[in-house]
Each structure stands twice: as C-alpha cells, then as structure tokens.
Amino acid sequence: AEAAVSSMIADGWKPNTITYSVIIHGYCVRGDILSAMAIFQKHFDNGASADCVLFNTLLGCCVRRSKWELAQSLLDMMRRHGVQQS
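The present account deals with the structure reproduced in this document. As the structure is a prediction and not an experimental result, all values here were calculated from the model.

On to the packing of aromatic side chains, then. Each aromatic ring pair is summarised here by two numbers: the centre-to-centre distance and the angle between the ring planes. Across all of its chains, the model carries 2 aromatic pairs by this definition. Ring geometry for phenylalanine 40 and phenylalanine 44: centres 4.9 Å apart, planes at 80°, overall edge-to-face. In this pair, phenylalanine 40 and phenylalanine 44 are both assigned in helix H3 (residues 33–45), 4 residues apart and thus about one turn of the helix distant. Between the aromatic rings of phenylalanine 40 and phenylalanine 55, the centroid separation amounts to 5.4 Å while the plane-to-plane angle is 75°, which identifies the pairing as edge-to-face. Placement of phenylalanine 40 in helix H3 and of phenylalanine 55 in helix H4 (residues 52–64) is noted, with a sequence separation of 15 residues between them. Judged by its relative accessible area of 1%, phenylalanine 40 is buried. Put simply, the rings of Phe40, Phe44 and Phe55 touch in pairs and so form one group of aromatic residues.

Printed below as a string of structure tokens:
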C-alpha cells in the first residue's frame, strides 16, 4: 500500500483523504496500527487534512488494540486540527 502511494506521488498524483482513508482502514482491519499511523503521518506530511472518518478509523483500531495513550493523542490532534468528534 505504501508503495502504491509513493508511486502515485512519483507520477504526479496527489493522494487525497479518501485514498489515505482506504489504505489506513486496510491496515486497521489487519490490526497493524503502526503501519496505519505511518500512512496517517505521511498524509499530513503531504499537506492533506484529515476528517472525522479518518480519525474514527484510527481510534477504532486503537480501541481494538488497547492503545489508550495513542487514542488520547489522536483525540488531542482532532481538537488541534478543528475536527469535530462524531
């Protein structure tokens, strides 16, 4: 998945929030929170914003993996970026 994003960027495409959401969701389904967070960070590094769907996907993954501190960090990030909790 990361190779696909890198390839898109190299070809001049700019992945959007939906692209990143799908990839992050895939990692979360597999229980791979570290890869999901790496893609999430790449999303922000590329100047994109996140919506409540993206944050909720990550929060759900954190809850399933008992990553409470990470979940709290994501909630704090949501507030800083003005993303409404749903």
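Next comes the rest of the write-up.
The subject of this paragraph is the packing of H4 against helix H5 (residues 68–80). Following both chains from N to C, one finds H4 and H5 inclined at 165°, their axes separated by 8 Å at the closest point. The orientation of H4 with respect to H5, classified from their angle, is roughly antiparallel. Between H4 and H5 lies a crossing of left-handed hand. For the pair H4 and H5, contact is made by Phe55, Leu58, Leu59, Cys62 and Val63 and by Trp68, Leu70, Ala71, Leu74, Leu75, Met77 and Met78, respectively. Considered class by class, the residues forming the contact of H4 with H5 number 12 nonpolar, no polar and no charged.

In this model, H5 (13 residues) spans 19 Å end to end at C-alpha, consistent with the 18 Å of a helix rising 1.5 Å per residue. Considered for burial, the residues of H5 that qualify are Ala71, Leu74, Met77 and Met78. Take H5 and look down its axis: the buried residues cluster within an arc of 120°, on one side only. Turned more than 90 degrees off the buried face of H5, the exposed positions are Trp68, Glu69 and Arg80.

Reading guide: rules and limits
- All residue numbers refer to position in the chain's written sequence, counted from 1.
- Reporting of local features is limited, given that this is a predicted model, to residues whose pLDDT is at least 70; pairs of side-chain atoms are given and counted only at 80 or more, and all residues count toward the totals for whole chains, interfaces and linings.
- To obtain the side-chain values, all non-hydrogen atoms of the structure were included, while hydrogens and water were left out.
- Here the aromatic set is Phe, Tyr and Trp, taking the six-membered ring for Trp, and pairing holds for ring centres within 6.5 Å; pairs whose planes are under 30 degrees apart are stacked, those over 60 apart are edge-to-face, and all others are tilted.
- A run of DSSP states H or I qualifies as a helix once it reaches four residues; a run of E qualifies as a strand once it reaches two. Both are numbered from the N-terminal end.
- Relative accessible area decides the class of each residue, using a 1.4 Å probe on protein chains only: under 20% of the type maximum gives buried, over 50% gives exposed, and in between gives partly exposed.
- To obtain an axis, a line is fitted to C-alpha atoms, over the contacting stretch when the element is a helix, and the angle between two such axes runs from 0 to 180 degrees between their N-to-C directions.
- These descriptions rest on fixed angle ranges, namely under 35 degrees for roughly parallel, over 145 for roughly antiparallel, 65 to 115 for roughly perpendicular, and the rest for oblique.
- In this scheme the crossing of two helices becomes right-handed for a clockwise turn of the near helix relative to the far one and left-handed for an anticlockwise turn of less than a right angle.
- Contacts are residue-level and defined by heavy atoms, with any inter-residue pair within 4.5 Å sufficient.
- Residue polarity is assigned by list, with Asp, Glu, Lys and Arg as charged and Ala, Val, Leu, Ile, Met, Phe, Trp, Tyr, Cys and Pro as nonpolar; anything else, Gly included, falls into the polar class.
- By this rule the span expected of a helix is its residue count minus one, scaled by 1.5 Å.
- Taking the helix axis as origin, the arc is that swept by the directions to the C-beta atoms.

Nothing here speaks to function; it is all geometry.
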